[in-house]
Amino acid sequence: MTKNLSLLGSTGSIGTQSLDVARKRGYRVRALSAFSNVKKIEEQIREFKPDVAALVSEDAAKDLKVRVADTGTKILSGKEGVCECAAYEKADTVLNSVVGMAGLEPTLTAIHAHKKLALANKETLVAGGRLVIDAAKRENVDILPVDSEHSAIFQALQGNPSNKALKKIILTASGGPFFGRTAKELESVTVNDALKHPNWSMGAKITVDSATMMNKGLELIEAVWLFGVKPQDVKIVVHRESVVHSAVEYDDNSVIAQLGLPDMRIPIQYALTYPERYESPVGELDLAALGKLTFFEPDYDTFRCINICREAIDRGGLYPAAVNGANEQANLLFRNGKIGFLDIAKRVEAILPYVPKKDVYTLDDVLEIDRFAREFVMKSV
């Protein structure tokens, strides 16, 4: 049966790679959304001929509507338009690759519309974990992870479907472009330095998160929600080759890992085809040619964001949402040349004393703490 796909965040790195998979597998792309990249989404509309497409930017949406007036695609705008794409009736699967907190509401919309959800937007679970997981259980919707690490964990868990014997999750990290450097050596690094990831091709925000290792802290929080484990049961290991994408350890001390080339099209395709596997656009892993795999303990003193995230999920409630919002704003300030690289962690950590303790929270609570965290970071510039 032909899969009918709604792709949110179609012009970004994950979005374009998702369309590579859709192209190879012959999926019908019913809906597309992006933030403001008119040129790229016009190209996608003309190739994939979706029924609807949305741009968050109202001005960009107006421009797009004129450009594609000769097609049959209906153009929507604003976050409401993105949510309409997430719930589009002719799509059976939603792949959410929106970057940042903006992905939370479309995720909830897709769940309430009973769509199969392939999730590449980690901030959805970081900021609104309990809301999302509770909604998915209530609506009987499966969440299939697209992040390479969480896809690897999900695949390794197929060796023990009950999860009763799960002892530990081993979350691997590339270490980013600054592996081995001290905090002193990172004082003067530039945005261009931070964007030189050794293994992965990703968007700017996620690449900077990888450089600070905030990305791994966010993934720790995501793993807690996705797999129902305690924060202390997630171990982070630096693995420079980015071939072992993550692993699980069972009670008998067996470790099952998922390996592959560092190409996001593998986890994207698995999320879309699960439980089946098919030929992918990705090359074959040659272990003999690779020669060796290395593993290191993270430098928690230099890359403080990991433990900030661990503290946030340990405290629970709105702390992860606050930390996520503060990071998104600090990351943006760094990319815009307003603060230094080490200031990102400082500003994220500074929000912790100001987060209200609230174990039971609503979507409005999450959106409010996110707004507060961003304003807090801006005031400290």
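Before any of the text, the structure's been laid out above.
Just so it is clear, the model here is predicted, and its values are computed rather than measured.

Caption draft 1: The environment of Ser97, seen in detail. Among the structural elements, Ser97 can be located in the loop between strand E5 (93-96) and helix H5 (104-112). Owing to a relative accessible area of 10%, Ser97 belongs among the buried residues under this scheme. Separated by 48 residues in sequence, Ser97 and Pro145 place their C-alpha atoms 11 Å apart. Apart from residues no more than four positions distant in its own chain, Ser97 is found in contact with Leu7, Leu8, Gly9, Ile14, Gly15 and Ala120. Within the structure, the side chain of Ser97 is placed 2.7 Å from the backbone oxygen of Leu8, a separation counted as a polar contact. Within the structure, Ser97 has its side chain in polar contact with the backbone oxygen of Gly9 (distance 3.0 Å).

Caption draft 2: Here's a closer look at a nonpolar patch on the surface. Taken together, the side chains of Leu259, Leu287, Leu290, Leu293 and Phe295 make up a nonpolar region of the molecular surface, amounting to roughly 400 Å² of accessible area. Its location among the elements puts Phe295 in the loop between helix H12 (287-290) and helix H13 (305-315).

Caption draft 3: Structural context of the packing of helix H14 (residues 319-335) against helix H16 (residues 363-379). With their axes 8 Å apart at the nearest point, H14 and H16 run at an angle of 40 degrees to one another. With respect to H16, the axis of H14 lies oblique. Read as a crossing pair, H14 and H16 show a hand that is right-handed. Of H16, the residues touching H14 (which contributes Ala321, Ala322, Gly325, Ala326, Glu328, Gln329, Ala330 and Leu333) are Val366, Ile369, Asp370, Ala373, Arg374, Val377 and Met378. For the contact of H14 with H16, the class distribution of residues is 10 nonpolar, 2 polar and 3 charged.

What counts, and where the lines are drawn
Here the residue numbers are simple positions, counted from 1 along each chain's written sequence. Given that the model is predicted, a residue must reach a pLDDT of at least 70 before its local features are reported, and side-chain atom pairs must reach 80 or more before they are shown or counted; all residues, however, enter totals for whole chains, interfaces and linings. As a rule here, side-chain values come from all non-hydrogen atoms in the structure, and water together with hydrogens is ignored. A run of H or I in DSSP becomes a helix once it reaches four residues, and a run of E becomes a strand once it reaches two; helices and strands are each numbered from the N terminus. Any residue under 20% of the maximum accessible area for its type is buried, any over 50% is exposed, and the rest in between are partly exposed; the area is computed with a 1.4 Å probe on protein chains only. In this analysis, two residues are considered to be in contact whenever any of their non-hydrogen atoms come within 4.5 Å of each other. By the criterion applied in these results, polar contacts are pairs of N or O atoms within 3.5 Å in which, for protein atoms, one can donate a hydrogen and the other can accept it, and in which residues neighboring in sequence qualify only through two side-chain atoms. Patch definition: residues with relative accessible area over 30% and no salt bridge; like charges joined within 9 Å; nonpolar side chains (Val, Leu, Ile, Met, Phe, Trp, Tyr) joined within 5 Å. All accessibility values rest on the Shrake-Rupley procedure with a 1.4 Å probe; residue burial counts only the protein chains present in the view. Think of a salt bridge as a Lys or Arg side-chain nitrogen and an Asp or Glu carboxyl oxygen that are within 4 Å of each other. The axes used here are C-alpha line fits, helices contributing only the stretch in contact, and every angle between their N-to-C directions lies in the interval 0 to 180 degrees. Angles are sorted into four bins: roughly parallel if under 35 degrees, roughly antiparallel if over 145, roughly perpendicular if 65 to 115, and oblique for all others. In this scheme the crossing of two helices becomes right-handed for a clockwise turn of the near helix relative to the far one and left-handed for an anticlockwise turn of less than a right angle. All residues other than Ala, Val, Leu, Ile, Met, Phe, Trp, Tyr, Cys, Pro, Asp, Glu, Lys and Arg, Gly among them, are scored as polar; the first ten of these are nonpolar and the last four charged.

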